[in-house]
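In case you want the letters, here they are:
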Amino acid sequence: MNEIELQFIKKLFEDNTLFYKTKVKLNQLTDVLCITLFSEIGRSMVTYGGFMPFEHLKALCNDEDRMERYKKLNYPLIINEPLDIIDFINKYTTTTSFSTLEKTILDNYNRRKLIDISEEMMCKLQDSKTTIKEIIRNVSYKIDSIKHDTSDNISFLSGKDIVEAERRRLSSDEIVHYYETGFDFIDDYTNGLTAPATVFIVSPPKTGKSMSLYELTVNQLRKNKSVLFSTIEINESECYRKILSNMAQVDYHKIVKKNFSEAEKQRYLKALDELERYKDNLFIIYDKTGISPSDIKHYYQNLEKVGIKCDFICIDYLGLLNSDEGDTAEVDKMTKLPRQIRILSQETNSIIFCPQQMKLSATKTDINDLTANDVYYAKPLAMEGTLGYFMLRDKKTGSLIIKNFFSRIGEMDDVWHFPNRDFNKCYLGKAEIYEKIEF
């Protein structure tokens, strides 16, 4: 007798529609009575759209062969009429949620499956003729099936669920948070971003990809928001120094060489004091062996465990990430990583800024005519990104030019111009020093 499964069946008796939502399948149950009742509930839902008819319960009671099997199993149940079944089930009152009971049943089932797989592997490992590769290939599909069966990501909501949830939301103090980035070419269009969201910035080398992340970080720290910064190309010390350079508005190379003026030194020392105030809001992760979206999720969840919620995730940059699927070929990585970043933003409920390097040949195209179709690997970004931007430098004037490309939030036709920016200062510019221009 499995009391967890009996409690689970009791929930189904109370609300048959849960049968359509549950991830539990007939073969995942172990209790003989629960298997019978689960099967009958399913058959009734398909045939009648509701609770099993009384005559079906009566037929169960009159099934002498089944009752005899229950006795042989020492099942503590004597059934003479349908009410006996209902009375027996009603003994198992529980305040445990349906989803918790369901998860327990699935966990128990998958533990049994893993034990079976491990025993199978042990037998084959003792066979000297079977190679390790063959063993792994043989069990990998079975392990993958368990992985997908235990997924908690698939949700089901009925119309009733949605209406009730919306009524609760309207009567509560819950509000939607809109986050301004500090970049008006984003904030003017969106009136602030809501989580989850992904922003991709595509630009050639030495244009300002990383610089945009440093400035975004400073903008958010000054609003007392938390930022998780993933650096891949440079180490965490250098990354901190570049964020400080932005905060102090002092040339980064002067900071490294310590040859700044007295005024610049004082600004830098003031920035150090300021960053110290925000030390519990900024978390920089670096791994010289490489970082994947799953690694970032792991660090993010570790922070959540101690009560820290990061509002923004900065990744410097997309092309340097490892794929969660182990892809090494560039074409495979760059078609899958944008989707993995989008899923990361949803799993962490955060706003992710992630630049990507543009192939140099793309800079030969006039920005006015530039679309995601013209730039290598930009199309997956357009499909997966909440917002996407091209960032180019005017070779004659050194000015920065930003243009959006089509993304999930829609398509704009704006081009933004930042005149004569000094990128050694890692600074994009405030609203009053850029202008929207026509080409």
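As a reminder, the structure under discussion sits directly above these lines.
Overview of the structure. (Residues numbered from 1 in each chain as written. Predicted model: local features only at pLDDT ≥ 70, side-chain atom pairs only at ≥ 80, totals over all residues. Heavy atoms only, no water.)

## Focus on the overall build of the protein chain
Thinking step 1. Summing up its helical and strand segments, the protein chain has 17 helices and nine strands in all.
Thinking step 2. Going through the 439 residues of the protein chain one by one, you find that 45% of them count as buried.
Thinking step 3. Considering only contacts within the protein chain whose residues lie at least 6 apart along the sequence, 66% involve residues at least 24 apart.
Thinking step 4. Of the roughly 24,200 Å² of accessible surface on the protein chain, 49% is carried by carbon and sulfur atoms. (Helix = DSSP H or I, 4+ residues; strand = E, 2+ residues; numbered from the N terminus. Buried < 20%, exposed > 50% of the residue type's maximum accessible area, 1.4 Å probe, protein only. Contact = heavy atoms within 4.5 Å. Areas by Shrake-Rupley, 256 points an atom, 1.4 Å probe, with all protein chains shown as cover.)

## Focus: the pattern of salt bridges
Working definition: two side chains of opposite charge can pair if their charged atoms are close together.
Thinking step 1. All told, the structure shown has nine salt bridges when counted by the stated rule.
Thinking step 2. Linking E120 and K124 is a salt bridge whose minimum nitrogen-to-oxygen distance equals 3.2 Å. Here E120 and its partner K124 are both found in helix α7 (residues 98-125), four residues apart, which amounts to about one turn of the helix.
Thinking step 3. The partner of E384 in a salt bridge is R342, and the shortest N-O contact between them spans 2.4 Å. Placement of E384 in helix α17 (residues 378-384) and of R342 in helix α16 (residues 330-348) is noted, with a sequence separation of 42 residues between them. In this structure, E384 and R342 share a single accessibility class: buried. (Salt bridge = Lys/Arg side-chain N within 4 Å of Asp/Glu carboxyl O.)

## Points about the environment of N235
Thinking step 1. If you trace the backbone, N235 turns up in the loop between β2 (227-231) and α12 (236-248).
Thinking step 2. On the basis of relative accessible area, N235 is assigned to the partly exposed category, the value being 34%.
Thinking step 3. Counting along the chain gives 52 residues from N235 to D287, while the straight-line C-alpha distance between them is 8.1 Å.
Thinking step 4. Within the structure, the side chain of N235 is placed 3.1 Å from the backbone nitrogen of S237, a separation counted as a polar contact. (Polar contact = N/O pair within 3.5 Å; in protein donor to acceptor, adjacent residues only side chain to side chain.)

## Notes on unusual backbone geometry
Thinking step 1. Following A195, the chain continues to P196 via a peptide bond in cis, the omega torsion being 0°.
Thinking step 2. Note that P196 resides in the loop between α10 (184-190) and β1 (197-203).
Thinking step 3. The residue N191 is not glycine, and still its phi comes out positive at about 60°.
Thinking step 4. With respect to the secondary-structure elements, N191 resides in the loop between α10 and β1.
Thinking step 5. Positive phi values are uncommon outside glycine, yet K258 reaches one of about 55°.

## Description of the packing of helix α15 (residues 293-305) against α16
Thinking step 1. Closest axis-to-axis distance for the α15/α16 pair is 10 Å, and the angle between their directions is 15°. Here α15 lies roughly parallel to α16, going by the angle between them. Crossing of α15 over α16 shows right-handed handedness. Where α15 approaches α16, its residues P293, I296, K297 and Y300 are matched on the opposing element by L337, Q340, I341, L344, E347 and T348.
Thinking step 2. Here the residues of the contact of α15 with α16 sort into six nonpolar, two polar and two charged. (Axes fitted to C-alpha atoms, helices over the stretch in contact; angles between N-to-C directions. Parallel < 35°, antiparallel > 145°, perpendicular 65-115°, else oblique. Left-handed = near helix turned anticlockwise from the far one by under 90°. Nonpolar A, V, L, I, M, F, W, Y, C, P; charged D, E, K, R; others polar.)

## Here we look at the nonpolar core
As a rule of thumb, soluble globular proteins bury nonpolar side chains together.
Thinking step 1. Formed by 41 residues in total, the largest nonpolar core has its most connected members in F185, I186, F229, I243, F353 and I402.
Thinking step 2. In this view, I186 contacts T181, L193, V199, F353, L387 and Y389; residues no more than four positions away in its chain are not counted.
Thinking step 3. Of all hydrophobic cores here, the second largest spans 35 residues; its members include I291, I315, L337 and L392. (Core = buried A, V, L, I, M, F, W, Y, C linked by side-chain atoms within 4.5 Å.)

## Quick notes on the environment of S399
Thinking step 1. Mapped onto the fold, S399 is located in the loop between β6 (387-393) and β7 (400-405).
Thinking step 2. Measuring from C-alpha to C-alpha, the distance between S399 and F418 comes to 5.7 Å, with 19 residues separating the pair along the chain.

## Overview of helix α1 (residues 3-14)
Thinking step 1. The end-to-end C-alpha separation of α1 is 17 Å, in line with the 16 Å expected for twelve residues at 1.5 Å each.
Thinking step 2. α1 sits mainly inside the fold: nine of its twelve residues count as buried.
Thinking step 3. The set of residues buried in α1 consists of E5, L6, Q7, F8, I9, K10, K11, L12 and F13. (Expected span 1.5 Å × (residues − 1).)

## Observations concerning the packing of aromatic side chains
Thinking step 1. Applying the stated rule across the entire model yields ten aromatic pairs.
Thinking step 2. Plain terms: the ring middles of F19 and F38 are 5.1 Å apart, the flat faces sit at 50° to each other, and that makes the pair tilted. Of the two residues, F19 is situated in helix α2 (residues 18-21) and F38 in helix α3 (residues 32-48); the sequence distance between them amounts to 19 residues.
Thinking step 3. You can call F38 buried: its relative accessible area is 5%.
Thinking step 4. Relative to Y389, the ring of F185 has its centre 5.1 Å away and its plane inclined at 85°; by these criteria the two rings are edge-to-face. Placement of F185 in helix α10 and of Y389 in strand β6 is noted, with a sequence separation of 204 residues between them.
Thinking step 5. Taking relative accessible area as the criterion, F185 reaches 4% and is therefore assigned buried. (Phe/Tyr/Trp six-rings, centres within 6.5 Å; stacked < 30°, edge-to-face > 60°.)

## Focus: the state of the cysteines
Thinking step 1. For the structure on display, the rule yields zero disulfides.
Thinking step 2. C239 provides the cysteine sulfur closest to C314, a residue in no disulfide bond, and the two sulfurs are 8.8 Å apart.
Thinking step 3. Here C314 falls in the buried class, since its relative accessible area comes to 1%. (Disulfide = S-S within 2.5 Å.)

## Digging into the side chain of S292
Thinking step 1. Positionally, S292 belongs in the loop between β3 (282-286) and α15.
Thinking step 2. Side chain to side chain, S292 and D324 meet in a polar contact 3.1 Å long.
Thinking step 3. When residues no more than four places from it in sequence are discounted, the contact partners of S292 are L321, N322 and D324.

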